Every structure is written in structure tokens, then in C-alpha cells.
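Okay, here's what each chain looks like letter by letter:
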Amino acid sequence: QLYISTVIFFVESSSMSIFCSGDQELDGLEGTIQSPNYPDNYDPNTDCSFLIVPLPGNSVSLKFTDFHVDYNHGGSCHDWVEVNPPVKSKSQFCGYLIGMAPGEGKSYTFPEDEPVTVTLHTDGYSGNKGF
């Protein structure tokens, strides 16, 4: 028998991608989630989320491979990705480099049986490439 110990959702470009639209619940063995219109810019005034529910006895792992969410050089986020539960004690992420993404471009695994919510919030101004 084959046992799969991790539910993996790679956040990257793929022909089997699920684009963020409204609030969605996902479960399964692996998948790809993307911001609306990726790799083109997401629209202003967007709020959408993915609830990723691991199969019993499994964990969710996230890995962002592209990340450009609006960044204010004064330090505050106008658009952001929110991850709950937090990644290394941080829940809101914005920026234009993969190192500013949750997990900093590396795979991040949450505790076993822990559902994970990934939310994109954008303000009323211009959009960016997203994830």
C-alpha cells in the first residue's frame, strides 16, 4: 500500500490550477492555487479565499513559487495574502520578491489535521501579478 503523509498545494503556474474566486474549500492530495487572472494582474477590490482541508492524519504544505502582491515602500500592505494559521508567527504577506511570500519560497508544512486558509485581499487601486 501507498501512504501519503502530506497534502501539498503548490502555488505555481499549472494547467490544472484553481483560480481564486469567492470562498472555496479544497481537499485532496495536491493541487495548485492562483490569484485571479494569474499570470496577468489581479483586479482591484478582490477578496477571495481557499480553505485547504487535509485528509485525516495528513498535513497541508504550501510552497509559493511566484509572488508579487502590491507593496507599499512605507512598509504597510495595501493588498495582501493572509495565511491562517500563521506561518512563523506572521499571517499577512505582501511584496514583490519570493522571499516576501509565506515560507519565503520554500515548502512550509502545517501541523497534522490542521486546515489552512489562504486569503487574497486587494484594495481599490491597481493590481499586480499575484501568485
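One can find the structure itself at the top, above this paragraph.
Residues numbered from 1 in each chain as written. Predicted model: local features only at pLDDT ≥ 70, side-chain atom pairs only at ≥ 80, totals over all residues. Heavy atoms only, no water.

1. Examining the nonpolar core
Alright, step 1. The biggest cluster of nonpolar side chains holds 22 residues, and the ones touching the most others in it are Ile52, Leu62, Phe67, Val81 and Val83.
Alright, step 2. Taken together, the elements giving at least two residues each to this core come down to strand S5 (47-53), strand S6 (59-64), strand S7 (80-87) and strand S10 (116-121).
Alright, step 3. Discounting chain neighbours no more than four positions away, the residues touching Phe67 are Val81, Phe93, Cys94, Gly95, Tyr96, Leu97, Ile98, Met100, Ala101, Pro102, Gly130 and Phe131. (Core = buried A, V, L, I, M, F, W, Y, C linked by side-chain atoms within 4.5 Å. Buried < 20%, exposed > 50% of the residue type's maximum accessible area, 1.4 Å probe, protein only. Helix = DSSP H or I, 4+ residues; strand = E, 2+ residues; numbered from the N terminus. Contact = heavy atoms within 4.5 Å.)

2. Focus: the packing of aromatic side chains
Alright, step 1. Inspection of the entire model under this criterion finds four aromatic pairs.
Alright, step 2. For the pair Tyr108 and Phe110, a centre-to-centre distance of 4.9 Å together with 75° between the ring planes defines the contact as edge-to-face.
Alright, step 3. Among the residues examined, Phe110 registers a relative accessible area of 3% and is labelled buried.
Alright, step 4. Ring-pair connections join several aromatic residues into one group, and the members of that group are Phe64, Phe67 and Phe131. (Phe/Tyr/Trp six-rings, centres within 6.5 Å; stacked < 30°, edge-to-face > 60°.)

3. Here's the deal with unusual backbone geometry
Alright, step 1. At the junction of Tyr38 and Pro39, the peptide bond is cis and its omega measures out at 10° in the coordinates.
Alright, step 2. Note that Pro39 resides in the loop between strand S4 (30-34) and S5.
Alright, step 3. Residue Pro85 is reached from Asn84 by a cis peptide bond, and omega for that bond is 10°.
Alright, step 4. Structurally, Pro85 is set in strand S7.
Alright, step 5. Although it is not a glycine, Asn37 adopts a positive phi angle of roughly 75°.
Alright, step 6. Relative to the assigned elements, Asn37 resides in the loop between S4 and S5.
Alright, step 7. Located in the positive-phi region is Lys88, a residue other than glycine, with phi close to 50°.
Alright, step 8. Along the chain, Lys88 falls in the loop between S7 and strand S8 (90-93).

By themselves these figures say nothing about function.
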